[in-house]
Amino acid sequence: MLNLQLALYATTTQASRGRKVKEEAPQGRSEFQRDRDRIIHSSAFRRLEYKTQVFVNHEGDLFRTRLTHSIEVAQIGRSIARRLMLNEDLVEAISLAHDLGHTPFGHAGQDALNNCMREHGGFEHNLQSLRVVDVLEERYANFDGLNLCFETREGILKHCSLAQAALLGDVGSRFLNSQRPTLEAQIANLADEIAYNNHDVDDGLRSGLITLEQLSSVRLFSKHLSEVREIYPELAERRVIHETIRRMINTLVNDLIDQTEININSQKLQDVHDVRRAPALVAFSEPVLELNRELKIFLHNNLYRHYRVLRMSAKARRIISELFEIFMEDSRLLPPQFLQAAKLDHARSVADYIAGMTDRYAIREHRRIFAVEEI
Ligand code: MG
């Protein structure tokens, strides 16, 4: 198969630890390409279109959803991987799957569901993404889930507690041995961060929840904004914003590549085993890390805690906790496929049902159950 030249320490399909259920090798595509294709064809992937990133889906057509966010993560991740001669297909698969386990209503939804599940083992979207690809997708004759390669599953599991890791078998072991995942997984993780920090600035400005004036206190933004205004003094604001954000993304991506090359060269890596034993190698330089931190703090204080975002979060908490409570009170209200699973673990199957909902499905389901005039 035609393959771009990969570095010695890239993750190759030949060296993959394989799939839980053995399958014939794919024809005309690599194992990681097959993983990516399975993710794209999954129903959890399609549902990302109607799940909130920061802005709830019905607030406007131009805001990021979990789907467009995941596509942006994959784009940034692939660019970085190609320049570092790492496996683009693996980065793409991990990026497209990384948010599959997200609840409706973004982080407010995840916090609410975690709160409901406190006595029942908790809820964490990252673990749930793995659960989606390992267990919950029901599409194939010979296995539950998508039967993805070990390296894709390991990349999806970005973090987890040691107690959880001990229950997870192969993909949990690196947390117990304090090892790192592949460079491809490390890239997908930071591509996620680059994507959301930058698109949240864009969406925040578009929504009017944050302003250019406020953002002038953020050095990474203001530096590029002045540059754009100097080159294009007459440019319309919408274009100024995009020209600024694309420069921010470029700065972060280029810095990440340069610093990661320095880190890799300091280690004399021979293969992917050396990557696992080395410290985390995909990283920003110190000065850019600081600029990035400043941007994150700004978004945290001004966008994620904006009263309009908080109002939606409060509503989300109510919808999710009320749905959880009523399904726990009477499992017969669950759709049949979840009722079966509820016989084994009632709380977990309620959490699976709620986590799989899109924003609008959760709103409708809440109305169907609680509004007397609905049937
Ligand atoms: Mg994400």
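In this text, all values refer to a predicted model and were calculated from it rather than measured experimentally. Starting afresh in each chain, residues are numbered from 1 along the sequence in its written order. Owing to the predicted nature of the model, reporting of local features is limited to residues with pLDDT of at least 70; listing and counting of side-chain atom pairs is limited to 80 or more, with chain, interface and lining totals taken over all residues. The side-chain figures draw on all heavy atoms in the structure; neither hydrogens nor water molecules are used.

Some details on the packing of aromatic side chains
Then step 1. Aromatic rings from Phe, Tyr and Trp, taking only the six-membered ring of Trp, are treated as a pair when their centres fall within 6.5 Å; an angle between ring planes under 30 degrees marks them as stacked, one over 60 as edge-to-face, and anything in between as tilted. Across all of its chains, the model carries four aromatic pairs by this definition.
Then step 2. Aromatic side chains Phe 338 and Tyr 353 sit 4.7 Å apart centroid to centroid with 40° between the ring planes, which places their arrangement in the tilted category. Within this pair, whereas Phe 338 is found in helix 17 (residues 336-342), its partner Tyr 353 is found in helix 18 (residues 346-355), the two being separated by 15 residues in sequence.
Then step 3. Through successive ring pairs, a cluster of aromatic residues spans Phe 327, Phe 338, Tyr 353 and Tyr 361.
Then step 4. The rule is short: NZ of Lys or CZ of Arg within 6 Å of the ring centre and within 35 degrees of the ring normal puts a charge over the ring. Above the plane of the ring of Tyr 140 lies Arg 38, whose end atom (NZ or CZ) is 4.9 Å from the centre. Secondary structure follows DSSP: runs of H or I at least 4 residues long count as helices, runs of E at least 2 residues long count as strands, and numbering of each begins at the N terminus.

A short note on the pattern of salt bridges
Then step 1. The working definition used for a salt bridge is a side-chain nitrogen of Lys or Arg within 4 Å of a carboxyl oxygen of Asp or Glu. This model, assessed by the stated rule, comprises 32 salt bridges.
Then step 2. With its nearest N and O atoms 2.8 Å apart, the salt bridge here joins Arg 153 to Asp 134. Of the two residues, Arg 153 is situated in helix 7 (residues 150-156) and Asp 134 in helix 6 (residues 125-136); the sequence distance between them amounts to 19 residues.
Then step 3. For each residue, the accessible area found with a 1.4 Å probe, counting protein chains only, is set against the maximum for its type, and the residue is called buried under 20%, exposed over 50%, and partly exposed in between. Since its relative accessible area comes to 3%, Arg 153 is described here as buried.
Then step 4. When the shortest N-O distance is used, the salt bridge between Arg 318 and Glu 322 registers 3.2 Å.

What to know about the layout of surface pockets
Then step 1. Of the two site types, the cavity is a set of points on a 1 Å grid over the protein atoms alone where a 1.4 Å probe fits but cannot get out, and the pocket is an open set with protein on both sides within 12 Å along at least five of seven lines, each lined by residues with an atom within 4 Å of a point. Grid points are joined across faces, edges and corners, and a volume is the space filled by probe spheres set on the points. Computed from the structure, the largest pocket encloses a volume of approximately 830 Å³.
Then step 2. Together, 32 residues line the largest pocket, and Gln 53, Val 54, Gly 106, His 107 and Tyr 304 are the ones closest to its centre.
Then step 3. Looking at the lining of the largest pocket, the elements with two or more residues in it are helix 3 (66-83), helix 5 (106-116), helix 10 (183-207), helix 15 (286-304) and helix 16 (307-329).
Then step 4. Broken down by class, the residue content of the lining of the largest pocket amounts to nine nonpolar, 13 polar and ten charged.
Then step 5. Note that domain bounds follow an automatic or database assignment of domains. Each of domain 1 (28-308) and domain 2 (309-374) gives at least three residues to the lining of the largest pocket.
Then step 6. A volume near 710 Å³ is recorded for the second largest pocket.
Then step 7. Along the walls of the second largest pocket sit 30 residues, with Leu 136, Gln 337, Phe 338, Asp 352 and Tyr 353 positioned nearest its centre.
Then step 8. Secondary structure elements with two or more residues in the lining of the second largest pocket: helix 2 (43-47), helix 6, helix 17 and helix 18.
Then step 9. Each residue is assigned to one class: nonpolar for Ala, Val, Leu, Ile, Met, Phe, Trp, Tyr, Cys and Pro, charged for Asp, Glu, Lys and Arg, and polar for all the others, Gly among them. Within the lining of the second largest pocket, the residues separate by chemical class into twelve nonpolar, eight polar and ten charged.
Then step 10. Among the domains, domain 1 (28-308) and domain 2 (309-374) are the pair contributing at least three residues each to the lining of the second largest pocket.

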